[in-house]
Amino acid sequence: MLRTFRLGGIHPPENKLSAGKTVAILAPPPQVIIPLGQHIGAPAQAVVAKGDQVKAGTLLAKAAGFISAPIHSSVSGKITKIDQAVDASGYARPAIYIDVTGDEWEETIDRSETIRRECTLSSQEIVAKITAAGIVGLGGATFPTHVKLTPPPGSKAGILIINGVECEPYLTSDHALMLQRGEETLTGVSILMKAIGVDRAIIGIENNKPDAISHLRTLARTFAGIEIMPLKVQYPQGGEKQLIDAVLRRQVRSGALPISAGAVVQNVGTAYAVYEAVQKNKPLFERIVTITGRGVANPSNFLVRIGTPIRYLIEAAGGLSGQTGKIIGGGPMMGKALVSADIPVAKGSSGILVLPREEAARKPSLPCIRCAKCVAVCPMGLNPTLLMTATEFVQWEMAEKNYIVDCIECGSCSFTCPSHRPLLDYIRLGKGKVMNIIRTRKS
Amino acid sequence: MENKLIISPSPHIHSGDNIGRNMYGVLAALIPAFAVSLYYFGLGALIVTAVSVASCVVVEYLIQKYLMKQTPAITDGSAILTGVLLAFNLPSNLPVWIVVIGAIAAIGIGKMPFGGLGNNIFNPALVGRVFLLISFPAQMTTWPLPGRFPMDYVDAATGATLLSKLNEGVSQWPSFVDLLLGNMGGSLGEVSAAALLLGFAYLLARKIISWHIPVAVVGTVAAFTGIMHLADPLSYAGPLIHLMSGGLLLGAIFMATDYVTSPMSRSGMLVYGAGIGLLTSVIRLFGAYPEGVSFAILIMNALTPLINTYFKPKHFGGK
């Protein structure tokens, strides 16, 4: 019996249209737009000015505090302006515009194809390099990686869990990475193990990627302490708490950090970025992005420079097909509907999903029939319909008592509801409200 | 074209499940039981079911359209389901006008005054049935004897049910096969254990209901009547007789599991099911009525909000 998390979960159609497609390198576009806020935490502060010449890898903006990350140029060229640009959130936020000329990289970056496995750096040196390279969680959460590698005083990780689950339907970027950059990724995992001082790592991969499982298993024999664990396909297994439960059979308590269960979780994409940063001196300025959905002609995986407007990805994937309904940054369960195709790829862009109009429209919401299917699928053991009602009727105390802040916004409830009720829309609203109330109470 | 992009929060896909799929799914699960009742009760079963369904749908349509001023939602199948379940709880020789009164009580008292689908406290079909049981006790407790596609209706030959005989002393037990197939008197949809269990398997396979409530009901009744039977085999029938006779399986599988009126958490479902099992056993063994499933479910319906308050879903990372 394959393991999976023990509470709730759904199995939406996998739709991995771009699975098995070799990652193609997408050339830099004529202009990139690099947002300064590409991570959770304070946006980075620009250290360049209009008119400056930059190369790929040049520091553009420095971290603004501990929970923040620096941003590097992904191209060579000239900074034309530092201005607002609409990003995946739908809001206009500060961004750096660069007109591209040629493709020069900083000399410090090792551009050779040779794989360097030995790493003699100390834990502190590794974390310092990761911090300087601007690495954030590449699974989509974009939490600065160095923060997770610096456990709060008094806590110590016993194991590193690597998330190779890719539980979102459609997305295949991590799958492609594991197949094509397996050795580098495992080297990155070893470096992460050294950084947090553990001698054991488990890579959890869902069983719908048997080629990645067997490939990494073969490679893992040449690395100390790395195990591959196939997992039963179940959404949202890529959620940090769900993955820890699936792999270790331990449930992180409400409000606690994963480290309290003795685990640090990192994404496979992050492990690969760590390899490049530590072994190749390469800051995080490009990533693998899946461009997929029945709204594009030719679903593919691309290696893309950060800041590339997504219209270039759509073009490279053969253009839009049919009537476009939605362009989603991320997967269909947790991704954000984008307002235009001019939004740039950011560090957390694991995929772009284009849904044709007939797949994109919501159905009208009907009365709750109290079937409790939302309760059965909630991976956090909440009562979504109760939380929605509490929000509708402004019952914040009731919402808080029923753990609304524990919602991970996976969308399993809304996905399942036979009455098409917008459960997560309301819960998200209520969660924000209750978190504010808790913050004010504390201060 | 791009300025017409649809913007909405995640999730962006849906399972495709809808109310109709669940309601018609339950109806499909009732087909075997209906086929059995057509075989044993013939024309009467057909008339009672047809009248009940038609009355429920018409009453709901009229109330929703003219009293509540809403768009009638009769195509969602919930009124049809109430009609079928009400019919399945009636004797097959019940006159048409009584069936119509039952349907009016079910929809007009049990469902719509609370706000319609999703808001009712009590199972509408059982409200209808109990209304009739109290109003027309004689007609509601004379049961046609099973035949082979009998063509008589209100003039059908009648006899007592097994459960009512239990209170008076049983001279001859029906065979296990008769209990399984439903070759005995009773409400038109309740007689065949095999047909109802087939429906149960279908509901589980299509994930329309979970096993918790039916298993809790049946398990509790089996335990309670089993203990009583062991203590005094001459006065109390064995658990198998209780499980396979009367409305127990119909109630446990199709009525107690009504979405609207049953608890939402797994633990709550087990408590609710056990409560129904316990009340059913107590009424059957010690009460004035030979049958107690309807009352037991209605009483537990009333306790559902309380159960929901005290039996929450198992919280991730909780104790």
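Residues numbered from 1 in each chain as written. Chains lettered and ligands numbered in written order. Predicted model: local features only at pLDDT ≥ 70, side-chain atom pairs only at ≥ 80, totals over all residues.

Asks: How would you sum up the overall build of chain B? Please name residues and give values.
Replies: When helices and strands are counted, chain B shows 14 helices and two strands. Here the C-alpha atoms of chain B give a radius of gyration of 20 Å, agreeing with the 20 Å that 2.2 N^0.38 yields for 319 residues. Based on the C-alpha atoms only, the size of chain B along its principal axes is roughly 80 × 50 × 30 Å. Here chain B, with 319 residues, has 54% of them falling under the buried criterion. Put simply, 75% of the contacts in chain B that link residues at least 6 apart link residues at least 24 apart. (Helix = DSSP H or I, 4+ residues; strand = E, 2+ residues; numbered from the N terminus. Rg over C-alpha atoms; globule rule 2.2 N^0.38 Å. Buried ≥ 20, exposed ≤ 12 C-beta atoms within 10 Å, placed from the backbone. Contact = placed C-beta atoms within 7 Å.)

Asks: Give me the lowdown on the overall build of chain A, citing residues and values where you can.
Replies: What chain A contains, in helices and strands, is 14 helices and 17 strands. Over its C-alpha trace chain A gives a radius of gyration of 21 Å, about what one expects of a compact globule, namely 22 Å for 443 residues. When its C-alpha atoms are laid out on the principal axes, chain A stretches across 65 × 50 × 50 Å. For chain A, the residues scored as buried account for 57% of the 443 residues in total.

Asks: Residue-level account of the environment of Lys4(B), with values.
Replies: Residue and element names in this part refer to chain B. By secondary structure assignment, the location of Lys 4 is in the segment before α1 (19–29). A residue is classified by how many C-beta atoms lie within 10 Å of it, and Lys 4, with 9 of them, is exposed. Taking the C-alpha atoms as reference points, Lys 4 and Phe 114, 110 residues apart in sequence, are found 41 Å from one another.

Asks: Which residues make up the sheet that holds strand β12 (residues 263–267) of chain A, and what are the values?
Replies: Residue and element names in this part refer to chain A. Strands sit in the order β11-β10-β9-β12 across an open sheet of four strands; the sheet is parallel. Bordering the open sheet on either side are β11 (226–231) and β12, each of which pairs with just one other strand. Taking the axes of each pair of neighbouring strands and ignoring which way they run, one obtains an average angle of 25 degrees across the sheet. Bridge analysis of strand β9 (residues 159–163) against strand β10 (residues 201–206) gives four bridges, and the strand direction is parallel. If you follow Ile 162 over to β10, its bridge partner there is Ile 203. (Pairing = 2+ DSSP bridges. Axes fitted to C-alpha atoms, helices over the stretch in contact; angles between N-to-C directions.)

Asks: Residues and numbers for the sheet that holds strand β15 (residues 324–329) of chain A, please.
Replies: Residue and element names in this part refer to chain A. An order of β1-β14-β13-β17-β15-β16 is seen for the six strands of this open sheet, with the pairing classed as mixed. Two strands lie at the open edges of the sheet, namely β1 (24–25) and β16 (336–337), each paired on one side alone. For β1 and strand β14 (residues 300–305), the ladder comprises two bridges, and the chain directions are parallel. Bridging from a neighbouring strand, Ala 24 pairs with Phe 302 of β14. In this fold helix α3 (residues 173–180) packs onto β13 (286–292), β14 and β17 (351–356), with an angle of close to 125 degrees to the strand it touches most, β13.

Asks: So, helix α1 (residues 123–132) of chain A: which residues are in play, and what are the values?
Replies: All buried positions along α1(A) are accounted for by Ile126(A), Val127(A), Lys129(A), Ile130(A) and Thr131(A). In this structure, the buried residues of α1(A) make contact with α2 (145–148), α4 (182–196) and α7 (268–280) of chain A.

Asks: Hey, could you go over the domain arrangement of chain A for me, with residue numbers and the actual values?
Replies: Residues and elements named next belong to chain A. Domain assignment breaks chain A into domain 1 (123–280) and domain 2 (373–442). Spacing between the C-alpha centres of domain 1 and domain 2 amounts to 29 Å. Contacts between domain 1 and domain 2 engage five residues on the former and six residues on the latter. Taken together, the residues of the side of domain 1 that touches domain 2 sort by class into two nonpolar, three polar and no charged. (Domains from an automatic or database assignment. Nonpolar A, V, L, I, M, F, W, Y, C, P; charged D, E, K, R; others polar.)

Asks: Quick rundown of the packing of α1(A) against α4(A)? Include the residues and the values.
Replies: A pair of packed helices can be characterised by two numbers: the angle between their axes and the separation between those axes. Residue and element names in this part refer to chain A. Viewed as axis vectors pointing N to C, α1 and α4 meet at an angle of 120 degrees, and their least axial separation amounts to 8 Å. As the angle between them shows, α1 and α4 are arranged oblique. In terms of crossing hand, the pair formed by α1 and α4 is left-handed. Here Ser 123, Ile 126 and Val 127 of α1 come into contact with α4, specifically with Ile 191, Lys 194 and Ala 195. (Parallel < 35°, antiparallel > 145°, perpendicular 65-115°, else oblique. Left-handed = near helix turned anticlockwise from the far one by under 90°.)

Asks: How would you explain the confidence of the model for chain B if you had to name every residue and give the values?
Replies: Looking at chain B as a whole, its pLDDT mean stands at 91, while 96% of the residues score no less than 70. Scored by ipTM, the complex comes to 0.92, with pTM at 0.92. (pLDDT = per-residue confidence, 0-100.)

Asks: Tell me about unusual backbone geometry, residues and numbers included.
Replies: Excluding glycine, a negative phi dihedral is what most residues carry, and trans is how most peptide bonds are arranged. All names here are of chain A. Going from Tyr 235 to Pro 236, the amide bond is cis rather than trans, its omega being -5 degrees. Mapped onto the elements, Pro 236 comes out in the loop between β11 and α6 (240–248). Backbone geometry at Arg 249 places phi at a positive 60 degrees, although glycine is not the residue there. Relative to the elements of secondary structure, Arg 249 occurs in the loop between α6 and β12.

Asks: Requested: an account of the packing of α3(A) against α7(A), with residues and values cited.
Replies: Residues and elements named next belong to chain A. Closest axis-to-axis distance for the α3/α7 pair is 9 Å, and the angle between their directions is 50 degrees. Taken together, α3 and α7 sit at an angle that is classed as oblique. In the packing of α3 onto α7, the handedness of the crossing is left-handed. Contact residues: Asp 174, Leu 177 and Met 178 in α3; Val 268, Gly 269 and Tyr 272 in α7. Looking at the contact of α3 with α7, its residues break down into four nonpolar, one polar and one charged.

Asks: Describe the nonpolar core, naming the residues involved and giving the relevant values.
Replies: Residue and element names in this part refer to chain A. In terms of nonpolar packing, the biggest core is built from 232 residues, with Leu 160, Val 274 and Leu 313 touching the most fellow members. For this core, the two domains that each supply at least three residues are domain 1 (123–280) and domain 2 (373–442). Beyond its immediate chain neighbours, meaning those up to four positions away, Val 274 contacts Ile 130, Ile 135, Gly 188, Ile 191 and Leu 192. (Core = buried A, V, L, I, M, F, W, Y, C linked by C-beta atoms within 7 Å.)

Asks: I'd like to hear about helix α11 (residues 384–392) of chain A, residue by residue, with values.
Replies: Working note: α-helix, 3.6 residues per turn, so residues spaced by three or four point in the same direction. Residue and element names in this part refer to chain A. Buried residues dominate α11, accounting for seven of its nine residues. Those residues of α11 lying buried are Pro 384, Thr 385, Leu 386, Leu 387, Met 388, Ala 390 and Thr 391. Buried positions along α11 lie against α10 (373–377), α12 (396–401), α13 (412–416) and α14 (423–442). Phi turns positive, to about 55 degrees, at Val 394, one or two residues after α11.

Asks: So what about the pairing of β13(A)? Which residues, and what values?
Replies: Here is the key point about a regular strand: its side chains alternate between the two faces of the sheet. Residues and elements named next belong to chain A. The buried count for β13 comes to seven of seven residues, which makes it a mostly enclosed element. Burial of the side chains of β13 extends over both faces: Glu 286, Ile 288, Thr 290 and Thr 292 are buried on one face and Arg 287, Val 289 and Ile 291 on the other. The sheet contact formed by β13 and β14 spans six bridges and is antiparallel. Its bridge partner lying in β14, Ile 288 is registered against Leu 303. For β13 and β17, the ladder comprises three bridges, and the chain directions are parallel. When the bridges of β17 are listed, Ile 291 appears paired with Ile 352.

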